[in-house]
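# Structural overview
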Amino acid sequence: MSHTVSGHPGHPGDHHHRYTHGHDAATIASHSARTAVDSAAYLVPVLSAGMSLLDVGCGPGSVTLDLARLVSPGQVVGCDSAPEALEAARATAAASEDTVTRFVVGDALGLPFDDDSFDVVHAHQVLHHMSDPAQALREMARVARPGGWVAAREADYGAMVWYPDVPGLQEWRALYQVVARANGAEPDAGRRIRAWATAAGLTDATFSTSVWTYADRERCRWWGESQAQRYAGEKFAEQALAAGASQADLDRIAAAWRTWGGSPEGWFALLHGEVLARV
Ligand SMILES: C[S@@+](CC[C@H](N)C(=O)[O-])C[C@H]1O[C@@H](n2cnc3c(N)ncnc32)[C@H](O)[C@@H]1O
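Here the structure is a predicted model, which is why all the values come from computation and not from measurement. (Residues numbered from 1 in each chain as written. Predicted model: local features only at pLDDT ≥ 70, side-chain atom pairs only at ≥ 80, totals over all residues. Heavy atoms only, no water.)

Let us now look at the packing of aromatic side chains. Aromatic rings in a pair are described by how distant their centres are and how their planes are angled relative to each other. If you walk through the whole model with that rule in mind, you get 16 aromatic pairs. Ring geometry for Tyr176 and Phe236: centres 6.3 Å apart, planes at 15°, overall stacked. Highlighted residues: Tyr176 in helix 6 (residues 169-182) and Phe236 in helix 9 (residues 234-242), separated in sequence by 60 residues. Both residues of the pair, Tyr176 and Phe236, belong to the buried class. An angle of 40° between the planes, with centres 5.7 Å apart, marks the rings of Trp257 and Phe268 as tilted. Separated by 11 residues along the polypeptide, Trp257 in helix 10 (residues 247-261) and Phe268 in strand 9 (residues 267-278) bring together distant segments of the chain. A relative accessible area of 0% means that Trp257 is categorised as buried. Given a relative accessible area of 0%, Phe268 falls into the buried group. Taken together, the aromatic side chains of Tyr157, Trp162, Trp172, Tyr176, Tyr214, Trp223, Tyr231, Phe236, Trp257, Trp260 and Phe268 make up a single cluster linked through ring pairs. (Phe/Tyr/Trp six-rings, centres within 6.5 Å; stacked < 30°, edge-to-face > 60°. Helix = DSSP H or I, 4+ residues; strand = E, 2+ residues; numbered from the N terminus. Buried < 20%, exposed > 50% of the residue type's maximum accessible area, 1.4 Å probe, protein only.)

And the structure:
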């Protein structure tokens, strides 16, 4: 099974101890644009009203809250290791008058929930931030009830393709990969999802792929600008400088993203690998 999703979702990016992109305004805004359909379409067909659901690494919670609408009145919990992301999630919940979904601090590698707690345990773009992605999947399976579902979707930096080939964007990818790996994470995650699921003992699993596409003026400008702001932002810069990049490198990458975002021919495809497993 494979499907293509066209939309204006945000960006993958971090890890267990250190979130590579940081939770700056550009990152939170970019993650807040996501929906269940553009980020979890492979999961939506198995959801039904009344299911309980845990969203691991929920970030600012836009996907969580959209999933909550699909399983309402089921109990939904979003958990993340970053309190600032959870604050954004609670604000979005309040603005959308969701008084049911809870957001709690929790580490994906040791989830603060009992065994067999949820019908569905979901993670979007979280494993590629982990030092031990198979352990995160094991934890997700532990807190899912027997007969329930574990679902994860991961981007793959090495498989991202774009046009035009603006100088500076290959450098962007290489720098991101270096910084993520210095944090102990694997950014070419989509292609590894089967290996990670197998290592976690998820034997009854279906694997699929889907793609985010940026190919019109508005989306390209938005994507280019959100990337530029991220690479100009302090949180990523700190880590990139520690990994050997210079401020001039970061400025060149931010400028390259703006050039790409303004191109009338701009096109960017972001491949994801997905696993949907019965526990
Ligand atoms: C790329 S964001 C994805 C956010 C959200 N799932 C979405 O798609 O909008 C990755 C999230 O994983 C969280 N994260 C990173 N390491 C974590 C860990 N060890 N435990 C829980 N959350 C973690 C980060 O704080 C961040 O919010």
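Below, the discussion takes up the packing of helix 6 against helix 9. Where helix 6 contacts helix 9, the axes come no closer than 9 Å and their chain directions differ by 80°. When the interaxial angle is binned, helix 6 and helix 9 end up roughly perpendicular. Along its contact with helix 6, which presents Leu175, Tyr176 and Val179, the element helix 9 presents Phe236, Gln239 and Ala240. Of the residues belonging to the contact of helix 6 with helix 9, the class tally is 5 nonpolar, 1 polar and no charged. (Axes fitted to C-alpha atoms, helices over the stretch in contact; angles between N-to-C directions. Parallel < 35°, antiparallel > 145°, perpendicular 65-115°, else oblique. Contact = heavy atoms within 4.5 Å. Nonpolar A, V, L, I, M, F, W, Y, C, P; charged D, E, K, R; others polar.)

With that out of the way, let us pick up unusual backbone geometry. Pro73 follows Ser72 through a cis peptide bond whose omega is 5°. Tracing the backbone shows Pro73 in the loop between helix 3 (62-71) and strand 3 (76-80). Located in the positive-phi region is Asp116, a residue other than glycine, with phi close to 60°. Positionally, Asp116 belongs in the loop between strand 4 (102-105) and strand 5 (118-124). We note that Gln125 has phi near 55°; this positive angle belongs to a residue other than glycine. Secondary-structure assignment places Gln125 in the loop between strand 5 and helix 5 (133-143).

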